[in-house]
Each structure stands twice: as C-alpha cells, then as structure tokens.
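In case you want the letters, here they are:
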Amino acid sequence: GKRDEKLILPVNSSLSVTLDQDQLRAKTTVALSSSFSADQMWLNGVEQPMNSERLQNVLKEIRQQRRKQKADNETHSNIYDYHVHICSENNFPTAAGLASSAAGFACLVFSLSQLYGIEGDISRIARQGSGSACRSVCGGFVAWDMGTLTDGSDSMAREIASHTHWPELRVLILVVSGKKKHTGSSEGMQNSVKTSELLPYRAKHIIPKRMEMITTAILDKDFKTFAEETIKESNQMHAVCLDTYPPICYQTDTSHDIMRIIHAINKYYGEMKVCYTFDAGPNACLYLPESNVAMALSVIRHFFPPLDNEDGFLHGIPVEIEKPEENLINSIPAEVSPGAVKYVISTKVGQGPQVLDKSESLLDNEGLPKQDTHK
C-alpha cells in the first residue's frame with residue numbers, strides 16, 4: 001500500500017530479488033532529437049499513449065534533474081527541451097503479476113538517465129513510475145526503505161547483497177495465467193489502504209521485524225528462515241487482499257494447489273526444500289537451492305502436465321526433469337490438473353539494468369521502431 005499515491009510512497013519497507021535478464025527482461029532504447037515533433041513511445045511494437053501520469057512524472061523529473069546538473073559549458077544546453085522517442089519490449093506477459101511495470105520503468109529510467117547524463121541515485125525517479133521499479137534499478141537482493149520525509153527524498157532502494165552472493169539459490173516461476181489481472185495492483189492497494197484493518201497493523205508491527213529477519217537470512221544464506229518468512233509474508237499479503245472491502249482475490253484454485261504441494265514436499269522431507277511467494281496475481285514464484293530444482297520440477301510436472309507441447313513447458317535455464325519419487329507423490333494431497341500451469345520459467349538472481357550494444361537498438365536512425373513495427 002501507499003501513504004502518498006502521487007509520489008508513490010509506501011506504507012512499509014519491502015524487499016525483492018532482481019532476476020536474471022537472460023530469462024526475464026525488459027529492453028528499452030531511447031533517443032533525443034530536435035527534429036522530433038512530439039514525445040512518442042512504443043511497447044512491444046505498438047504505439048502507446050503518452051498521457052500516463054506516471055510516465056509524465058518520470059520524464060518531468062529526468063528533465064528537471066538534467067537542468068540542475070547541466071554544466072556551464074555544455075554544447076547542447078537545451079537538450080531537455082528536445083522530444084524523446086522510447087521503444088521498449090519485454091519477453092514476459094504484461095500486467096499479469098510478473099512485475100512487468102517494475103522491469104519496464106526501471107529499464108526506462110536507467111535508459112533515460114544514461115541519455116540525459118543523470119548522476120547519483122535514480123531509484124527515487126523510478127519509484128515515481130512504479131513503486132517496485134524503485135528496487136529493480138539495483139541487482140541482487142534489494143530493499144526499498146519506505147522513508148519518513150513527505151517529499152519522498154529518503155524513500156529509495158539499496159542493495160542488500162549482490163547477485164553473486166548466493167549462487168546456489170534458484171528461482172522457478174510457475175505461470176498459471178498470462179492474462180491481464182482483473183484488479184490492477186495500484187487500484188487494489190488504494191482500496192486496501194482505505195478499508196483493510198490488517199494492513200496498518202502489519203505495516204507497524206510485523207513487517208519491520210520481518211525485514212530484519214529476512215535480511216539476516218539472506219546475508220547468512222539461511223534458507224530455512226528465508227523460506228519460512230517468504231511464505232508467511234506472501235500468505236499475509238494475500239490475507240490483506242481478502243481483508244479489503246470488497247475483497248480482492250488474485251490467487252486461483254491452481255495457486256492454492258501449488259501452495260499445498262510445496263507444503264507437502266517440505267513435510268515429506270522434514271525440512272525446507274522449497275518455498276513460494278505470490279505477487280498480485282495467480283503465478284507462483286518458487287525459491288529453492290539448486291540441488292532441489294530437479295525434484296521440485298518433477299513434482300510440478302507430475303501434477304500439472306502440459307496439454308500438448310512438452311517442449312514448451314520449461315523455459316530458461318535447462319533442467320533435467322527426473323521421474324518423481326512415488327512415495328513423495330502419494331503423500332501430496334493434490335489431483336493431477338493437466339494444463340493448469342501453462343509453463344515454468346527456470347531462472348536465478350540477476351544483475352540490475354545494463355547498457356546494451358548500440359547494434360541492439362530498437363530504434364532506427366530516424367528514431368522510429370525498426371522493422372516498421374510503428375505501423
């Protein structure tokens with residue numbers, strides 16, 4: 001939830017993991033020119049309206065920062081008055097609860113900061129586009145400190161640990177649905193702040209302690225504590241959604257089946273083998289040691305077999321899916337649901353935004369999307 005909707009200031013601090021760009025990424029090219037007649041933006045080949053308040057806030061802040069940092073001898077002193085062309089693409093479903101806004105705005109703000117020569121912290125600018133983008137301008141394990149100042153100047157991201165800190169940690173994303181959510185994250189959070197009695201108690205009494213516990217668990221590579229706190233946090237966040245009036249139900253029957261399966265796996269082995277977390281959507285994000293990936297995938301594949309395209313079931317980092325242990329399968333209280341999980345993305349902790357080679361630009365020399373995608 002947010003305490004200030006305009007500045008996108010949160011009611012509590014939070015922590016996220018930036019994922020590897022080889023599997024999940026947004027890619028953005030930006031260009032400035034005195035010949036451009038208007039600001040324009042294309043997303044996945046389709047031109048987008050520029051009237052989004054959040055997009056305009058980001059552009060305004062970038063241009064203001066450019067004015068403040070402009071050197072006296074700068075050749076192009078009016079560069080902040082040029083119009084900008086933005087072309088972006090991502091390789092995962094948009095608005096389906098897979099952090100597309102986080103990746104998109106983090107990538108956009110990073111790109112604009114490179115183009116305009118913005119110095120210093122950019123997470124506060126990214127925050128004005130999407131709260132979660134504040135964290136995604138960093139790599140590895142990232143905290144977003146809520147801050148206390150009314151102008152939001154102390155509400156920013158900081159890296160807890162780099163992407164190389166815990167190389168054994170792996171991530172499996174179970175895509176239950178790639179469709180747009182029936183209730184957007186921003187809309188849902190606004191209503192939760194207004195109506196949920198659980199949300200303010202959580203923000204004041206629970207999350208500060210949990211932030212400390214999970215930060216320590218990450219630094220110590222303590223998977224047991226990390227897994228338990230991740231599961232509890234996910235469940236309680238969705239309890240807030242149900243405590244909202246009218247209630248918000250992001251999870252589906254398949255989401256609940258996944259939760260039961262994960263708890264059953266951990267119970268069978270008598271230790272934390274894998275944990276889950278759900279964002280504002282039905283798709284599960286599983287964290288687990290690399291040594292448990294094949295086992296977990298074998299169970300997921302058993303209960304959610306693909307309907308027809310076996311080759312399209314697993315994306316990302318290759319995994320040899322083994323036959324699941326029969327006693328383990330028999331101990332799990334779930335039914336086989338073919339096609340309920342559309343596909344799985346196998347990935348890991350990754351870096352923050354990176355500058356790409358100019359040959360990978362999405363814009364041509366005229367500042368228009370390549371391959372006539374603007375048409």
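These lines cover the structure that appears in this document, whether it is placed above or below. Being a predicted model, the structure only gives us computed values, none of them experimental.

### Concerning the overall build of the protein
- When helices and strands are tallied, the protein shows 10 helices and 14 strands.
- For 375 residues, the compact-globule formula gives about 21 Å, and the C-alpha radius of gyration of the protein, at 22 Å, lands near that figure.
- Looking at the protein alone, contacts between residues at least 24 apart form 76% of all its contacts between residues at least 6 apart.
- In the protein, which carries 38 positive and 46 negative side-chain charges, the distance between the mean positions of the two groups comes to 4 Å.

### Focus: the pattern of salt bridges
- In total, this model carries 15 salt bridges according to the counting rule given.
- We note a salt bridge from Lys6 to Glu53, for which the minimum N-O separation is 3.7 Å. With Lys6 in the loop between β1 (2–4) and β2 (9–10) and Glu53 in helix α1 (residues 53–69), the pair connects residues that are 47 residues apart, well separated along the chain.
- What makes Lys6 exposed here is its relative accessible area of 54%.
- Salt bridges sharing partners connect three or more residues here, namely Arg202, Arg210, Glu229 and Glu233.

### Points about the packing of helix α6 (residues 198–220) against helix α7 (residues 223–243)
- Contact pair α6 / α7: the axes reach a minimum separation of 10 Å and the direction vectors enclose 160 degrees. As far as their axial angle goes, α7 and α6 are roughly antiparallel. Crossing handedness for the pair α6 and α7: left-handed. Along its contact with α6, which presents Leu198, Leu199, Arg202, Ile206, Ile207, Arg210, Met213, Ile214, Ala217 and Ile218, the element α7 presents Thr225, Phe226, Glu229, Thr230, Lys232, Glu233, Gln236, Met237, Ala239, Val240 and Asp243.
- Classifying every residue of the contact of α6 with α7 gives 12 nonpolar, 3 polar and 6 charged.

### What about the pairing of strand β14 (residues 343–348)?
- The pairing of strand β10 (residues 169–175) with β14 spans 6 bridges and is classified as antiparallel. Looking at the pairing, Leu174 lines up with Val344 of β14.
- As paired elements, strand β13 (residues 314–316) and β14 share 3 bridges and run parallel to each other. Across the sheet, the residue bridging to Gly316 is Ser346, located in β14.

### Some points on the sheet that holds strand β8 (residues 141–145)
- Within the open sheet, the 3 strands sit side by side as β3-β8-β9. Their pairing is antiparallel. Looking along the sheet, the strands with just one partner apiece sit at the ends: β3 (14–17) and β9 (156–161). Sheet twist, expressed as the mean angle between neighbouring strand axes with direction ignored, is 30 degrees.

### Comments concerning the pairing of strand β11 (residues 275–278)
- Sheet topology places β11 next to strand β12 (residues 284–289); 4 bridges connect them, and they run antiparallel. Looking at the pairing, Thr277 lines up with Cys285 of β12.
- Where β11 folds back onto β12 in an antiparallel hairpin, the turn is made up of 5 residues.

### A closer look at the packing of aromatic side chains
- Taken as a whole, this structure holds 6 aromatic pairs when the rule is applied.
- Ring geometry for Phe223 versus Phe226: centroids 6.2 Å apart, planes at 35 degrees, classification tilted. In this pair, Phe223 and Phe226 are both assigned in helix α7, 3 residues apart and thus about one turn of the helix distant. When sorted by exposure, Phe223 lands in the same class as Phe226, which is buried.
- Note on Tyr268 and Tyr269: the rings are 5.1 Å apart at their centroids and 90 degrees apart in plane angle, and the pair reads as edge-to-face.
- Among the aromatic residues, ring-to-ring pairing joins Phe141, Trp166, Phe223, Phe226 and Tyr287 into one connected group.

### What about the side chain of Asn90?
- Position of Asn90 relative to the elements: it lies in strand β7 (residues 83–90).
- Given the relative accessible area of 16%, Asn90 is considered buried.

### Section: the sheet that holds β12
- The mixed open sheet is built from 5 strands, whose spatial order is β11-β12-β10-β14-β13. Of all the strands in the sheet, just β11 and β13 have a single pairing partner and so form its edges. When the angles between neighbouring strand axes are averaged without regard to direction, this sheet yields 25 degrees.
- Sheet strands touched by α7: β10, β11 and β12. Its angle to β11, the strand with the most contacts, is close to 30 degrees.
- Across the sheet, helix α9 (residues 293–303) lies against β10, β12, β13 and β14, angled at about 10 degrees from β10, the strand it touches most.

Reading the values: the criteria
- One numbering rule holds for all chains: residues counted from 1, following each sequence as written.
- This being a predicted model, a pLDDT of at least 70 is required before a residue's local features are given, and a value of 80 or more before pairs of side-chain atoms are given or counted; all residues contribute to the totals for chains, interfaces and linings.
- Computation of side-chain values: all heavy atoms of the structure, hydrogens and water removed.
- In this text, helices come from DSSP runs of H or I with a minimum length of four residues, and strands from runs of E with a minimum of two, each type numbered from the N-terminal end.
- In this description the radius of gyration comes from C-alpha coordinates, and the expected globular size is given by 2.2 Å times residues to the power 0.38.
- In this description, contact between two residues means that some pair of their heavy atoms is separated by no more than 4.5 Å.
- Residues scored as positive are Lys and Arg, those scored as negative are Asp and Glu, and His as well as the terminal groups of each chain are ignored.
- Working definition for charges: the position is that of NZ of Lys, CZ of Arg, CG of Asp or CD of Glu.
- In the sections that follow, a salt bridge refers to a side-chain nitrogen of Lys or Arg positioned within 4 Å of a carboxyl oxygen of Asp or Glu.
- Burial classes follow relative accessibility: with a 1.4 Å probe on protein chains only, a residue under 20% of its type's maximum area counts as buried, one over 50% as exposed, and anything between as partly exposed.
- To obtain an axis, a line is fitted to C-alpha atoms, over the contacting stretch when the element is a helix, and the angle between two such axes runs from 0 to 180 degrees between their N-to-C directions.
- Angles below 35 degrees are treated as roughly parallel, those above 145 as roughly antiparallel, those between 65 and 115 as roughly perpendicular, and all remaining angles as oblique.
- Crossing handedness follows the turn of the near helix against the far one: under a right angle anticlockwise gives a left-handed crossing, and clockwise gives a right-handed one.
- Classes in brief: Ala, Val, Leu, Ile, Met, Phe, Trp, Tyr, Cys and Pro nonpolar; Asp, Glu, Lys and Arg charged; the others, Gly included, polar.
- The pairing criterion for strands is at least two bridges between them, as found by DSSP.
- Two rings from Phe, Tyr or Trp (for Trp, the six-membered ring) form a pair when their centres are within 6.5 Å of each other. A pair whose planes differ by under 30 degrees is stacked, one over 60 is edge-to-face, and the rest are tilted.

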